[in-house]
Each structure stands twice: as structure tokens, then as C-alpha cells.
Amino acid sequence: MPRARKGVEHMSRSRSSFVPWIRVPALILLLAAGAFGERTHLKPGMNFFTPQQDAELGKKVSQDAEKKLPLLNDKKVDDYLTRLGGKLASKAPG
């Protein structure tokens, strides 16, 4: 029996010494989350296309995608996604 107790005592000691090492990284992550929680300010990038060229390219890519990718045409799914998008948009800042 004494051996089993030594093993248990050893296990409990190793666990108790392990706990502070978990708390430190957890605290660092929590503090870092607060620092990065603010919204990122984005700068507009370079755009080499006119609005007309941009619209034309978008139409071509859309037509190409419709030819190559299987599309789901289901009114229930469309309605659900429209409602979901509305909910997300209502919560968005700005």
C-alpha cells in the first residue's frame, strides 16, 4: 500500500505544479483577445479597373461559375439564407 500512496501523492503534486502553467497562457490569451478585439481599419487597395470593367468581369466570372459549378436552386434554402443574411446585416456595425 505505501507504494500506491507514493504514486498518488506524486501524481497530485505533478498536477498541482501543472495548473499554474496553464493559468499563465490562458491569462495571456484573454488579455491579447481584448487588445485585438477592436475593429481593424482597412485601407482601400489599388483598383486598376473602371466600374464598367469591374461589372463586366463580374458577369463573366458569374456565368463561368454557373457553367462549371453545381448550383442549388431551392426556394426554402434561398429564403433561409436571405433571412440569415438580414439578421447578420442588422448586427453589423456601421
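Residues numbered from 1 in each chain as written. Predicted model: local features only at pLDDT ≥ 70, side-chain atom pairs only at ≥ 80, totals over all residues. Heavy atoms only, no water.

1. Description of the overall build of the protein
Tallying secondary structure elements over the protein gives three helices and zero strands in all. Reading the helices (α) and strands (β) of the protein from amino to carboxyl end gives α-α-α. For the protein, the proportion of its 94 residues judged to be buried stands at 0%. Summing over all exposed atoms, the protein offers an accessible surface of approximately 9,700 Å²; the carbon and sulfur share of this is 64%. (Helix = DSSP H or I, 4+ residues; strand = E, 2+ residues; numbered from the N terminus. Buried < 20%, exposed > 50% of the residue type's maximum accessible area, 1.4 Å probe, protein only. Areas by Shrake-Rupley, 256 points an atom, 1.4 Å probe, with all protein chains shown as cover.)

2. What to know about the pattern of salt bridges
Opposite charge on two side chains allows them to pair when their charged atoms are near. Enumeration over the complete set of coordinates arrives at three salt bridges. Notably, a salt bridge pairs Lys60 with Glu56, separated by 3.4 Å at the nearest N-O pair. Of this pair, Lys60 and Glu56 both sit in helix α2 (residues 51-68), four residues apart, which is roughly one turn of that helix. Judged by its relative accessible area of 45%, Glu56 is partly exposed. The salt bridge partner of Lys68 is Asp64, with a shortest N-O separation of 3.5 Å. A residue pair is termed a helical-turn pair when its members lie 3 or 4 positions apart in one helix, as Lys68 and Asp64 do in helix α2 at four residues. (Salt bridge = Lys/Arg side-chain N within 4 Å of Asp/Glu carboxyl O.)

3. So, the confidence of the model for the protein
Averaged over every residue, the pLDDT of the protein is 76; residues scoring 70 or more account for 66%. Here residues 7-12 is a poorly scored stretch, pLDDT under 50, and it has zero contacts once near neighbours within four places are set aside; other chains count. (pLDDT = per-residue confidence, 0-100. Contact = heavy atoms within 4.5 Å.)

4. Here we look at a nonpolar patch on the surface
A cluster of nonpolar side chains, namely Leu72, Val77, Tyr80, Leu81, Leu84 and Leu88, defines an oily patch on the protein surface of about 560 Å² accessible area. Tracing the backbone shows Tyr80 in helix α3 (residues 75-91). Judged by its relative accessible area of 44%, Tyr80 is partly exposed. (Patch = residues over 30% accessible without salt bridge, like charges linked within 9 Å, V, L, I, M, F, W, Y side chains within 5 Å.)

5. A look at α3
Between its first and last C-alpha, α3 extends 25 Å over 17 residues, near the 24 Å set by a 1.5 Å rise per residue. Little of α3 sits inside the fold, with zero of its 17 residues counted as buried. Measuring from the backbone nitrogen of Lys76 back to the side-chain oxygen at the start of α3 gives 3.0 Å, which picks out Asp74 as the cap. (Expected span 1.5 Å × (residues − 1). Polar contact = N/O pair within 3.5 Å; in protein donor to acceptor, adjacent residues only side chain to side chain.)

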